[in-house]
Structure formats: C-alpha cells, structure tokens
Amino acid sequence: MKQREKKTELPWVEKYRPKSIRDMAKPVAKVNRQKIDLIDELIKFIKNFKKDSKEKAILLEGSPGIGKTSVVYAIANDLNMQVIETNASDTRTQRSLKSKLDEASKARDMMDFISKSKNKIILIDEIDGIYGVSDKGAIPTVLEIMNNSEFPIIIIANEYKRSLTPIYKKVKKFEVQPLSEEAVIKILEKILKKENIHDFKPKDLISIAQKNKGDLRASINDLQGLMQGGRSAESLRNIDELQRDTSEVIFSLIRSLFTEVKTLIDAKRLLDKSDVDYSLLYRWVNENLPKYINLNDELVDAFENISTADQIFGRIRKYQNWALLPYFFDLFGGGVSLAKKRSYTPKFVRTTFPEIISNIIGRDKLSLAKKIEDVYEISAIEATRTVIPFLRLLSSKSIKMKKEISDWLQLDSKEKQVLKK
Amino acid sequence: MTINSPVWSVKYKPKTLSEICGREQIKFQLKEYISKKNFPHLLLTGYYGVGKTTIAKCFAKEFLGGSYESNLKTLFADVPISKEERKQAGIRSTFSTGMIGSRAGKRRYIHPFLDIKVKPFIQIRVLGEAPFKILVVKNFEALGQFQQGFRRLMETYGSNCRMILITSKISTIIDPIISRCQILFIPPVEFKDYSDFIKGVSKKEDININEPALKILYKYSEGQLNKAINILQLSAMLSTNINSEVLYEVINSTKDKKIKELLKLILKSDFSAVRAQLRAIRREFNYSAQEVYKKLLDEIFILPLSKSIKIQYINYIAEADFKSIDGLDPDIQLSNLVSKLCFLFEKI
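In this report, the structure presented in the accompanying data block is examined. (Residues numbered from 1 in each chain as written. Chains lettered and ligands numbered in written order. Predicted model: local features only at pLDDT ≥ 70, side-chain atom pairs only at ≥ 80, totals over all residues. Heavy atoms only, no water.)

### A word on the overall build of chain B
- When its secondary structure is counted, chain B shows 17 helices and nine strands.
- Taken across its 348 residues, chain B has 50% of its residues classed as buried.
- When contacts within chain B are restricted to residue pairs at least 6 apart in sequence, long-range pairs at least 24 apart make up 71% of them.
- A total accessible area of about 17,100 Å² is found for chain B, and carbon and sulfur atoms account for 55% of it. (Helix = DSSP H or I, 4+ residues; strand = E, 2+ residues; numbered from the N terminus. Buried < 20%, exposed > 50% of the residue type's maximum accessible area, 1.4 Å probe, protein only. Contact = heavy atoms within 4.5 Å. Areas by Shrake-Rupley, 256 points an atom, 1.4 Å probe, with all protein chains shown as cover.)

In structure tokens form, the structure reads like this:
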C-alpha cells in the first residue's frame with residue numbers, strides 16, 4: 001500500500017517509462033532515407049560488439065520525446081545490462097565527463113569479475129545540449145572514449161549541430177522518426193486504463209496527439225495535466241492552454257486572426273492566449289496581411305491601424321510608458337482583423353516570416369563604400385544611398401571622367417564593375 | 001588626395017571655418033569658442049545635407065589646432081557593428097556584483113557601439129596641447145534607446161572629452177541628452193551666399209550659369225550645396241553655358257528609375273507588387289523611410305494628376321512621415337502610405 005502511494009507521486013512519464021521493448025511503441029528510424037527497425041539494429045549492434053570492432057558507437061537523432069532514451073533503457077533491461085548515463089543536467093564540464101566515462105569504459109571493476117553480473121552500455125544523452133560551442137573541449141574527450149571503450153556507446157542528439165561534425169564522422173547515424181498519432185493514442189489509452197480513468201472522451205486524446213506531433217512525452221504530460229487538473233475534460237479549451245509555444249503557434253495564430261475573429265473580444269482573447277513575443281508578432285501581422293486582405297479600401301484601414309500601433313509601440317519604448325500597451329494590442333489585433341470585410345481568403349495561404357531589411361551593405365558594394373567613406377567623410381551607409389548613384393551617373397557620361405574617378409579612388413576591377421551597373 | 005579629386009563636391013569642400021558658405025552667426029559663435037578655448041557639449045541639428053558635419057569638422061580641427069589628428073574622432077551611429085566587434089563586446093560584458101535583488105549575479109550587457117567605438121577613445125587622456133578631446137557622432141538618432149547609455153558617458157568623461165552630436169531629427173533625441181548639450185540649429189544657405197559660392201565654382205571651372213538657372217538649382221537642391229554642385233558638374237559635361245533647359249534635363253536624369261517604376265505600379269494600384277518593389281529599392285540603396293517619402297514627393301511635378309489629387313498625395317506623404325517619427329518599423333509605415341496611394345489611384 002505504501003509503495004503504491006509513492007508511485008502515484010511520480011509524474012506519469014516516469015511512472016510509465018517502458019521496462020521492456022514489448023511495452024513500448026516501436027520507434028522507426030531512417031538510415032540514408034531507408035526505413036529500418038531500430039530495435040533490431042540496436043540489439044544487433046550491442047550483441048556483436050567487441051573491444052576491437054570498428055563501429056564503437058551509434059548516434060540516435062530525433063526530436064524530443066519520441067522514445068530515444070527509453071528504447072536504450074528498455075533494451076538494456078531486456079538484455080540484462082547496466083546503463084551508464086551522462087546527460088546535460090549532471091555533466092557539464094569536460095573533466096567530470098571524463099572521470100565518469102573513463103572508468104566505466106575501460107576496466108570492469110572487481111565486483112564485475114567476481115559476480116560476472118552485468119555488461120554495460122554507455123549512454124551519452126543530449127550531447128548537443130552539453131557540448132555546445134562553449135565547451136569544445138568535450139568533443140575530443142568523447143572521441144577518445146569512443147576509441148578506447150570496451151563497451152558499446154550510444155549517443156543521443158536532438159538536432160544536427162555543426163560543432164559535432166568530428167563525432168558524426170565516426171559513428172553510424174540513425175534518424176529516429178516521430179511516432180504516429182495512432183501509436184500515441186494507443187499508449188495514452190493504456191495509461192488511462194492503468195490509472196482507472198474511464199470518463200474521458202476519445203476526442204480529447206486525438207487532439208492531444210495531434211497537438212504534440214508525435215512527441216509522446218509531451219502527450220503524456222498533457223494527459224496528466226488534463227486528467228489530474230480536476231478532470232474537466234469537457235472542452236478543448238484546456239488543451240489550448242496546455243499548448244506549447246512553437247513557431248507553428250504563430251502560423252495558426254495569424255491564420256485564425258484573419259479567418260476566425262469576428263469581434264474585438266475574440267481578437268483580444270486570441271492574443272492573450274499566446275505567449276508569443278508581441279514586438280515580433282505585429283511584424284508577422286504586417287508581413288502576412290496582404291495575403292488575407294486583397295481589396296484596396298480594406299487594406300487602407302488595416303494598415304492605418306497597424307501603423308498607429310507601430311507608432312504607439314515606439315512611444316512606449318521611448319517614454320517607457322507601458323500604460324499605452326492595451327491600445328497597441330487592440331490596434332494590431334482587432335484593428336487589423338476587423339478591417340477585413342469582403343475580402344476573399346483562399347483556402348491555403350502560406351504564412352511567411354517577416355522580412356527584415358537591415359542596414360547592411362551588400363557584399364559587392366562594401367569595399368567601394370569604405371573607400372568613399374574615407375574620402376567623403378560620410379558613413380558607408382550614406383555612401384550607398386547618395387554617392388554611389390551619383391558616381392555611376394558621372395562615370396557614364398564620359399570615358400575620361402570614368403578614368404579620373406577610378407584613378408582618384410584607386411579602384412580595382414571589381415569596384416569598377418559596381419560603378420558600371 | 002583631395003586636391004586632384006575629379007568630383008567637384010569633394011574638390012570644393014571647405015577646409016576651414018571661414019571657407020564655409022554663409023551662416024555668419026553660427027560661425028561667429030564657434031569662433032568665440034575657439035578664442036576662449038572652451039565649449040560645452042554641442043548638439044548640431046538641421047536639415048539633411050545642410051553642412052552640419054562639415055561645420056563640426058572644420059570647427060573641431062581649428063579648435064584643436066596642431067594636435068587634432070590624435071584628439072578628434074568621428075563616429076557614425078548608423079553603421080552596423082561587425083561580428084568581431086560584437087564578440088569583443090560579449091567578452092567585455094561584466095557580471096553584476098550585487099548580491100540582492102533581481103539584478104544579482106546577472107550579466108550586464110553594454111551596447112557594442114558604446115563599448116567598442118566610444119569608450120576606448122574617450123577614456124584615453126588628451127594628447128598634446130589641446131584642452132580636451134573632441135568626439136563627433138553623426139546620425140546620433142540611430143542609437144535609439146541606447147542614447148540613455150550615452151548620457152552617463154557625457155557626465156563621467158565630460159572633462160576629458162567634449163562631444164559634438166549631429167542629428168537631423170531632433171525630436172528623436174531623448175530629453176536628458178538635450179539638457180546636457182547646447183543646441184545649434186544650422187540653417188540652410190541663403191540665396192545670396194549660395195549664388196556667390198556657385199558663381200565662384202563656375203568661374204574656376206570655366207563655365208557660365210545664368211541667373212534663372214541659378215534660381216532653379218537653388219530651389220531644387222533646397223540649399224544643399226553638395227547636391228547643387230553635383231548637378232552643376234553633370235550639367236557642365238553637357239555644355240559650358242548652363243541655362244534652365246540643360247538644368248532640367250540633368251535633374252530628370254538624376255532621378256531614380258526604380259522610383260519611377262514604383263510610381264507606375266502605384267498607379268496600377270497593385271499593392272503586393274508595389275510592396276515588393278519598395279523592398280527591393282530599400283535593400284539596394286539602404287534608404288530610410290524618410291528618404292523614400294522625399295523621393296516620392298519629388299515626383300509630384302511630373303505626375304499627370306489634377307490639383308486636388310496632388311494635394312491629397314502630399315497630404316498622405318506628410319501624414320506617413322509624421323507617423324514614422326515615433327514608429328519603429330519603417331516597413332509598416334511605408335506599407336501604410338503605399339496602400340493609401342493605391343486606393344487613391346484606384347478611385348480615379
């Protein structure tokens with residue numbers, strides 16, 4: 001009884017971590033774009049591993065929460081092996097990494113010889129998290145351990161990182177695919193059964209699975225939040241609140257701002273719900289506005305409102321007067337979406353990132369602009385605005401002048417080309 | 001190098017205060033500063049291209065005398081800071097030593113412009129005989145909210161280094177800066193001084209310019225001598241006798257073809273095409289929103305429109321320009337203007 005109480009305190013993710021490969025949703029991986037059975041490959045790798053074999057490590061790469069770590073633990077459990085794990089939370093420096101892995105990878109300790117109990121698997125979890133740009137010293141350490149290891153090594157990463165290239169060269173890489181919605185739902189149902197919860201709606205499970213896109217860990221977390229948060233699983237609104245902040249949130253937010261919002265309060269609610277940084281959000285609205293509104297008179301209204309919002313935001317920044325913020329929200333949210341009246345919105349609209357035009361001088365003009373900066377004593381930016389167009393015009397009038405200018409500024413052939421255009 | 005410059009605007013650039021065209025009152029005041037060997041922080045303001053920087057430089061050089069090379073520095077606040085400089089600023093950022101409160105142990109970042117470009121200059125002591133160093137910062141308004149960091153520097157290093165801040169938009173300068181500076185408004189050149197100067201240039205270059213053409217040039221260049229001399233040089237390549245016809249031809253040829261294309265698209269009232277063209281222009285020439293407004297306004301004389309529509313056109317541009325003073329994103333403000341113009345021409 002006591003033990004059972006303890007169990008319920010665990011988060012469901014830990015509580016239902018698979019003990020055996022039979023319990024889990026089978027992860028699928030890709031090698032060179034060909035699907036393979038990840039579990040088979042891993043077992044083959046671990047069983048065939050010898051001290052002098054060429055392949056000493058495997059790299060699993062895939063988005064978070066799809067069972068990369070779990071599959072290693074489950075296999076180890078089934079094969080009666082011990083997992084020695086390092087991850088971003090407990091190994092931060094090169095030294096601690098080395099001391100931990102060195103003893104594990106080289107000598108089996110005395111106890112192992114006597115009991116002949118367990119073989120080991122070395123698991124380096126979240127490698128892209130620990131050894132970022134700041135800690136390059138760790139990569140040689142990992143490579144060294146890989147060379148000397150007496151045990152199979154499995155490395156887990158979330159995404160491709162350039163700083164990890166030396167490791168990529170030495171390992172076999174499996175790209176673990178996200179789980180299918182059906183597989184996620186199956187597992188969620190299993191958990192609910194074990195938890196003795198029967199008054200849930202299948203629709204909720206589907207929407208949880210859809211929202212998390214194959215991220216099983218997040219799905220289980222959402223499920224626990226929903227079921228233990230008073231079990232008010234009636235409406236989908238709860239799930240909306242559980243929504244994680246990703247860039248796709250912006251996409252759907254922009255879309256619903258233009259297609260679903262009917263009143264000012266709708267717009268307000270929509271913006272309140274999202275955690276997106278609003279200084280960025282209104283630029284998104286600006287970028288995508290003409291795709292949803294295509295009549296010129298409605299465009300005028302919409303842009304009038306968003307430009308006033310921009311003005312207000314500028315004043316907020318300048319005078320630090322944050323009391324103006326509500327106007328800003330209303331104008332770029334409701335003000336823009338309600339300007340749309342008769343405009344026709346096509347079914348599929350590609351939401352695009354806001355285009356940022358920064359004060360950066362094009363690479364072709366840079367050296368010329370720098371020379372002009374010295375002679376004219378104006379900034380290189382101004383040079384591209386005023387002087388370069390003038391010099392172009394001047395040098396197009398006569399060949400003599402062209403020569404004089406290039407002698408004067410000591411131009412090379414590339415810079416002459418810029419003036420020719 | 002400047003002596004053999006084929007470009008007249010560089011060739012005839014004033015090198016001392018007394019060579020500067022007109023503006024006697026300002027020159028008098030600055031010469032007083034030089035004779036007394038002291039002056040407060042200065043904030044020069046005035047229209048674009050009116051000669052603020054030239055005046056500041058001539059003044060600083062004369063003030064510092066022989067030791068000006070090591071004690072004078074000019075900075076452009078609008079030039080982006082390179083990656084390496086940014087990295088250095090990252091290294092120099094410090095951890096706050098406070099033990100209590102929300103800032104305890106936090107990393108303090110200083111704007112790379114201040115840290116990389118301003119501080120190394122103003123922290124070093126004066127070299128030579130000069131009473132203090134002089135730092136000229138052009139386009140000061142581009143610093144935006146980081147102007148706040150500047151005011152501390154003006155106080156702490158004020159005795160070692162005086163600053164001459166230059167801006168064309170004084171409304172964007174924060175009050176604490178304004179209260180620490182003496183403001184000098186540089187007016188455009190008056191016609192009398194202007195015509196004397198242009199006549200002097202044309203005499204040296206062996207060309208003739210008649211009186212009506214001189215007036216047109218003054219009107220078109222809005223008192224900007226640089227612009228006027230540029231056009232004078234272009235006209236001189238067509239003929240040595242410059243009259244109003246030659247001048248009009250040259251002025252037309254200097255206009256941006258891309259702006260004309262933009263106007264054509266606006267007349268067709270195709271908003272998304274207009275916005276694409278607008279962005280292409282801004283990317284190529286690094287125009288600020290204000291410059292695009294000006295270019296659009298310049299085109300009004302050639303537009304085949306009725307008087308009332310023209311007034312409406314000007315009205316829209318003025319309104320947009322006013323809004324951009326506070327606005328943060330020039331793209332939004334420009335889109336606003338362009339959408340209005342598209343709608344205006346759709347109706348007629």
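Still more to cover.
### Some words on the nonpolar core
- Among the nonpolar cores identified, the biggest contains 62 residues, and A:Phe332 and B:Tyr313 are the most heavily contacted of them.
- In this structure, A:Ile372, A:Met401, B:Val10 and B:Ile198 belong to the second largest nonpolar core, which totals 52 residues. (Core = buried A, V, L, I, M, F, W, Y, C linked by side-chain atoms within 4.5 Å.)

### Thoughts on the sheet that holds strand S6 (residues 161-167) of chain B
All names here are of chain B.
- Pairing within the open sheet is parallel, and its five strands lie in the order S2-S5-S6-S1-S7. Lying at the two open borders of the sheet, with one neighbouring strand each, are strand S2 (72-76) and strand S7 (182-185). Along the sheet, successive strands turn relative to each other by an average axial angle of 20°, direction set aside.
- When strand S1 (residues 42-45) meets S6, the two strands line up parallel, connected through four bridges. Bridge pairing in S6 places Thr45 opposite Thr167.
- Lying over the sheet, helix H3 (residues 52-64) contacts S1, S2, strand S5 (133-138) and S6, oriented at roughly 165° with respect to S6.
- Contacts from helix H6 (residues 112-123) reach S2, S5 and S6 within the one sheet, and its direction differs from that of S2 by about 170°. (Pairing = 2+ DSSP bridges. Axes fitted to C-alpha atoms, helices over the stretch in contact; angles between N-to-C directions.)

### Quick notes on the pairing of S6(B)
- Most of S6(B) is tucked away: seven of the seven residues are buried.
- Neither face of S6(B) is left uncovered, since the one carrying B:Cys161, B:Met163, B:Leu165 and B:Thr167 and the one carrying B:Arg162, B:Ile164 and B:Ile166 both have all their residues buried.

### Looking at the pattern of salt bridges
- Under the criterion given, the structure shown has 26 salt bridges over all chains.
- A salt bridge links A:Asp301 to A:Lys341, with the shortest nitrogen-to-oxygen separation between them at 3.9 Å. With A:Asp301 in helix H17 (residues 296-319) and A:Lys341 in the loop between helix H19 (334-337) and helix H20 (363-376), this residue pair connects regions lying 40 residues apart in the sequence.
- For the salt bridge of B:Glu32 with B:Lys36, the shortest nitrogen-to-oxygen distance reads 3.5 Å. One end of the pair, B:Glu32, and the other, B:Lys36, are both in helix H2 (residues 24-36), four residues apart, so they sit about a helical turn from each other.
- Residue class for B:Glu32 comes out partly exposed when judged on its relative accessible area of 32%.
- Note on B:Lys36: relative accessible area 61%, which makes it exposed. (Salt bridge = Lys/Arg side-chain N within 4 Å of Asp/Glu carboxyl O.)

### Observations concerning the environment of A:Trp12
- Counting through the fold element by element, A:Trp12 comes out in helix H2 (residues 12-15).
- Separated by 212 residues in sequence, A:Trp12 and A:Gln224 place their C-alpha atoms 6.8 Å apart.

### Here's the deal with unusual backbone geometry
Residues and elements named next belong to chain B.
- Of note, Arg23 is a non-glycine position whose phi angle comes to about 50°, a positive value.
- Residue classification places Arg23 among the buried residues on the basis of a relative accessible area of 11%.
- Notably, Ser269 is not glycine yet its phi reads approximately 50°, a positive angle.
- Inspection of the secondary structure puts Ser269 in the loop between helix H13 (257-267) and helix H14 (271-285).
- Ser269 gets classed as buried once you look at its relative accessible area, which sits at 14%.

### Considerations on the environment of A:Asp125
Residues and elements named next belong to chain A.
- Note that Asp125 resides in the loop between strand S5 (119-124) and helix H7 (127-130).
- Assessed through its relative accessible area of 6%, Asp125 is described here as buried.
- Taking the C-alpha atoms as reference points, Asp125 and Glu85, 40 residues apart in sequence, are found 6.9 Å from one another.

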